[in-house]
Amino acid sequence: MDSRPLPWLLLVLLLLRAPSLRGQEEPPPEDPPQEEDGVLVLSQSTLGRALREHPALLVEFYAPWCGHCKALAPEYSKAAGLLAAESSKVRLAKVDGPSEPELTKEFAVTGYPTLKFFRDGNRTHPEEYTGPREAEGIAEWLRRRVGSSATQLEDEEGAQALIDSQDVVVIGFFQDLQDEDVATFLALAQDALDMTFGFTDRPKLFQKFSLTKDTVVLFKKFDEGRADFPVDEELGLDQGDLSRFLLIHSMRLVTEFNSKTSPKIFGARILNHLLLFVNQTLSPHRELLAGFGEAAPPFRGQVLFVVVDVAADNDHVLQYFGLKAEEAPTLRFINVETTKKYAVTDGTPVTAASVTAFCHSVLDGKLKPYLKSQDIPPDWDQQPVKILVGKNFEQVVFDETKNVFVKFYAPWCTHCKEMAPAWEALAEKYKDHEDIIIAKLDATANELEAFTIHGFPTLKYFPAGQGRKVIEYKSTRDLETFSKFLDSGGELPVEEPASETPANSTREPKEEL
């Protein structure tokens, strides 16, 4: 008998081994990423290779139709060029989100642009980018992550050179550089891009700057020149407390409002702002700045002192406070959280004493806020749509004999403009109904005590009768639905509900901004 294996048996053995052989096969080679204006263009098939080849990679998920993405594109490419010129190891990349649904799902991308920072090929835990959207800011954010976020100082010469290099410099003095407080300090420095940071453990530098314990010192070329933040010996360095300290003390006691300073003004997390409106082309106005600044130091951290030049491009600020340029010089106080505004109404001259007294009267609750209002137009009730302002609002909408339907709008709001024809048609339809009033109010120029308008358009119905009731309209904005709503006395079918709230409600409307 022939003992040689049968051919079919060899075939079976080969088939049985096939899966293990397939498992040992090399994966197909990955495509190299393309490049546009110095930015890598990534996809599902190229992201893995890019992560392996570049230890530091910032990836923008964008959409071709996204306006913010289009605005970011030139700055993003410029940042890539800045880093390339420095021979940096960081690369910038982008992914067309709508074209790569698997990647957007993997990285939980819900809006555009979304930027994520990958380090050392780690695909599972990228850092969310929350930094600036201009080229130098993007580049600096990345520099501080791949390099040191602060300069280690060894001698007096190096420390003085760093202090002299910028208007604001922060130096951490630590007796032990292995202490976790140093790590906290360096982590904060990564994101505080508008400040320059240094750190040291040298006893000679402690002695030079009259320090005996761990301290973070902010050096500045204005106001008092220096501010110290001692490290708590028991609790250590709290990053949140230090961040707030640096924000407050890196700002001038008096800040002039403009496009460059406004982000810092609103980012300082100081809720109370005192504004001096002056015309800086006039010498008598400029002379008021000294007294204004003299009053500022005791209120540092509690009230932000701001100068608004009415001769500059600040019409939007004047409009917000209901002011005209010719009313300067004048003071206004606002709490940016509650949006309550306060004014000096007795013509008191602007001096250090009067400014101090004004601040205390607001902070101590002795002064009532004011509500801005346009003047009542002479012909406010001559057209089908009645014109309401702050001064006639209460009298009209809470007339117990009238059902009043009001549109709260903003002149710039596209949604308001789109529904304007339907609102005019509604007013025309009901103009002969003596108990129904269709009205509108510019909510950017008029403020109300009963409630605050946060979104536009907001529609509210004030039914006749006692109780000062108000019903918020949240249904379709067309003539037919408006008419059903009015004819039913402010009600709609169950599938189109309107919500009833008291007139003093502060609940935010959910309409489009």
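Residues numbered from 1 in each chain as written. Predicted model: local features only at pLDDT ≥ 70, side-chain atom pairs only at ≥ 80, totals over all residues. Heavy atoms only, no water.

Requested: an account of the overall build of the protein, with residues and values cited.
Counting secondary structure elements, the protein contains 17 helices and 22 strands. Out of the 513 residues belonging to the protein, those deemed buried represent 45%. Within the protein, contacts between residues separated by at least 24 positions form 69% of all contacts whose residues are at least 6 apart in sequence. A total of about 27,900 Å² of accessible surface is found on the protein, and carbon and sulfur atoms cover 51% of it. (Helix = DSSP H or I, 4+ residues; strand = E, 2+ residues; numbered from the N terminus. Buried < 20%, exposed > 50% of the residue type's maximum accessible area, 1.4 Å probe, protein only. Contact = heavy atoms within 4.5 Å. Areas by Shrake-Rupley, 256 points an atom, 1.4 Å probe, with all protein chains shown as cover.)

Please give an account of the packing of aromatic side chains that cites residues and values.
Tallied over the entire structure, the rule returns 34 aromatic pairs. Considering the side-chain rings of Phe-333 and Tyr-342, the 6.1 Å spacing of their centres and the 80 degrees angle between planes classify their relative orientation as edge-to-face. On the basis of relative accessible area, Phe-333 is assigned to the buried category, the value being 0%. On the basis of an interplanar angle of 35 degrees and a centroid distance of 5.2 Å, the ring pair of Phe-405 and Phe-485 is categorised as tilted. Separated by 80 residues along the polypeptide, Phe-405 in strand β18 (residues 403–409) and Phe-485 in helix α17 (residues 479–487) bring together distant segments of the chain. You'll find Phe-405 and Phe-485 in the same group, each marked buried. An aromatic cluster is defined as three or more aromatic residues linked by ring pairs; in this entry it consists of Phe-405, Trp-423, Tyr-461, Tyr-473, Phe-482 and Phe-485. Here Lys-94 stacks its cationic end above the ring of Tyr-62, 5.5 Å away from the centre of that ring. Across from the ring centre of Phe-222, 4.3 Å away, lies the NZ or CZ of Arg-252, which sits over that ring. (Phe/Tyr/Trp six-rings, centres within 6.5 Å; stacked < 30°, edge-to-face > 60°. Lys NZ or Arg CZ within 6 Å of the ring centre and 35° of its normal.)

Report on the confidence of the model for the protein, specifying residues and quantitative values.
Taken as a whole, the protein shows an average pLDDT of 88; of its residues, 90% reach a score of 70 or greater. Per-element averaging of pLDDT across the protein places strand β22 (residues 499–502) at the bottom with 46 and strand β10 (residues 215–220) at the top with 98. Across residues 19–24 the pLDDT falls below 50, and counting only partners more than four positions away or on other chains, this stretch makes zero contacts in the model. Every residue in residues 495–513 is under pLDDT 50, and counting partners more than four places away or in other chains gives 48 contacts. (pLDDT = per-residue confidence, 0-100.)

Account for the pairing of strand β19 (residues 436–442), naming residues and giving values.
Counting buried positions along β19 yields six of seven residues, so the element is predominantly enclosed. Sheet topology note: the strand β17 (residues 385–388)/β19 ladder contains four bridges and is parallel. Among the inter-strand pairings, Val-385 is bridged to a residue of β19, identified as Ile-438. Pairing geometry for β18 and β19, over seven bridges, is parallel. Bridge pairing links Asn-403 to Ile-436 in β19. Handedness of the crossover is the feature at issue here: the chain leaves β18, passes through helix α16 (residues 414–429), returns alongside β19, and the resulting connection is right-handed. (Pairing = 2+ DSSP bridges. Right-handed = clockwise from strand over helix to strand, strands pointing away.)

Describe the pattern of salt bridges, and please don't skip the residues or the numbers.
Evaluation of the coordinates by the stated rule reveals 25 salt bridges. Residue Arg-123 pairs with Glu-106 through a salt bridge whose shortest N-O separation is 2.8 Å. Here Arg-123 is found in the loop between β5 (114–119) and β6 (127–128), whereas its partner Glu-106 is found in helix α4 (residues 101–106), with 17 residues between them in sequence. A relative accessible area of 25% places Arg-123 in the partly exposed class. A salt bridge links Arg-144 to Glu-140; its shortest N-O distance comes to 2.8 Å. In this pair, Arg-144 and Glu-140 are both assigned in helix α5 (residues 135–146), four residues apart and thus about one turn of the helix distant. The network of salt bridges with common partners includes Glu-86, Glu-136, Glu-140, Arg-143 and Arg-144. (Salt bridge = Lys/Arg side-chain N within 4 Å of Asp/Glu carboxyl O.)

If you had to explain the sheet that holds strand β7 (residues 151–152) to someone new, which residues and values would you point to?
Judged by pairing direction, the sheet is mixed, and its five strands sit side by side in the order β7-β9-β8-β10-β11 without closing on themselves. With partners counted over all chains shown, the strands left at the sheet margins are β7 and β11 (226–230), one partner each. Sheet analysis places β10 next to β11, joined by five bridges and oriented antiparallel. By the bridge assignment, Phe-219 is partnered in β11 with Arg-226.

A description of α5 should follow, citing residues and the corresponding values.
In this model, α5 (12 residues) spans 17 Å end to end at C-alpha, consistent with the 16 Å of a helix rising 1.5 Å per residue. For α5, the full list of buried residues reads Ala-135, Gly-137, Ile-138, Ala-139, Trp-141, Leu-142, Arg-144 and Arg-145. (Expected span 1.5 Å × (residues − 1).)

Residues and numbers for the environment of His-433, please.
Tracing the backbone shows His-433 in the loop between α16 and β19. Exposure remark for His-433: the relative accessible area of 36% places this residue in the partly exposed category. In the structure, His-433 is positioned 31 residues away from Lys-402 in sequence and 9.8 Å away in space, judged by C-alpha atoms.

Could you give me a rundown of the environment of His-285, with the residues and numbers involved?
Its place among the elements puts His-285 in helix α11 (residues 283–286). Residues His-285 and Pro-329, 44 residues apart in the sequence, show an inter-C-alpha distance of 6.7 Å. The residues touching His-285, leaving out its near neighbours within four places in the chain, are Val-278, Asn-279, Ala-328 and Pro-329.

Go over unusual backbone geometry with me, naming the residues and quoting the values.
That bond from Tyr-112 to Pro-113 is cis: its omega, -5 degrees, falls within 30 degrees of zero. Look at the link from Ala-328 to Pro-329: it is a cis peptide, with omega at 5 degrees. Assignment of secondary structure puts Pro-329 in the loop between α13 (315–320) and β15 (330–335). The backbone of Asp-37 shows a phi angle near 50 degrees, a positive value even though the residue is not glycine. Within the fold, Asp-37 resides in the loop between β1 (34–36) and β2 (39–42). Notably, Ser-87 is not glycine yet its phi reads approximately 60 degrees, a positive angle. Along the polypeptide, Ser-87 turns up in the loop between α3 (67–85) and β4 (90–96). Using a relative accessible area of 64% as the deciding quantity, one classes Ser-87 as exposed.

Help me get a handle on the sheet that holds strand β14 (residues 303–309), residues and values and all.
A sheet is described by the order of its strands in space; here five strands give the open sequence β12-β14-β13-β15-β16, paired in mixed fashion. Two strands close off the open sheet at either side, each with one partner strand: β12 (254–256) and β16 (341–343). For this sheet, the mean angle separating the axes of adjacent strands, direction not counted, is 25 degrees. As paired strands, strand β13 (residues 272–278) and β14 are joined by seven bridges and run parallel to one another. Across the sheet, residue Leu-274 finds its bridge partner in β14, namely Phe-305. The strands that helix α14 (residues 352–363) touches are β13, β14, β15 and β16; relative to β15, the one it contacts most, it runs at about 30 degrees. (Axes fitted to C-alpha atoms, helices over the stretch in contact; angles between N-to-C directions.)

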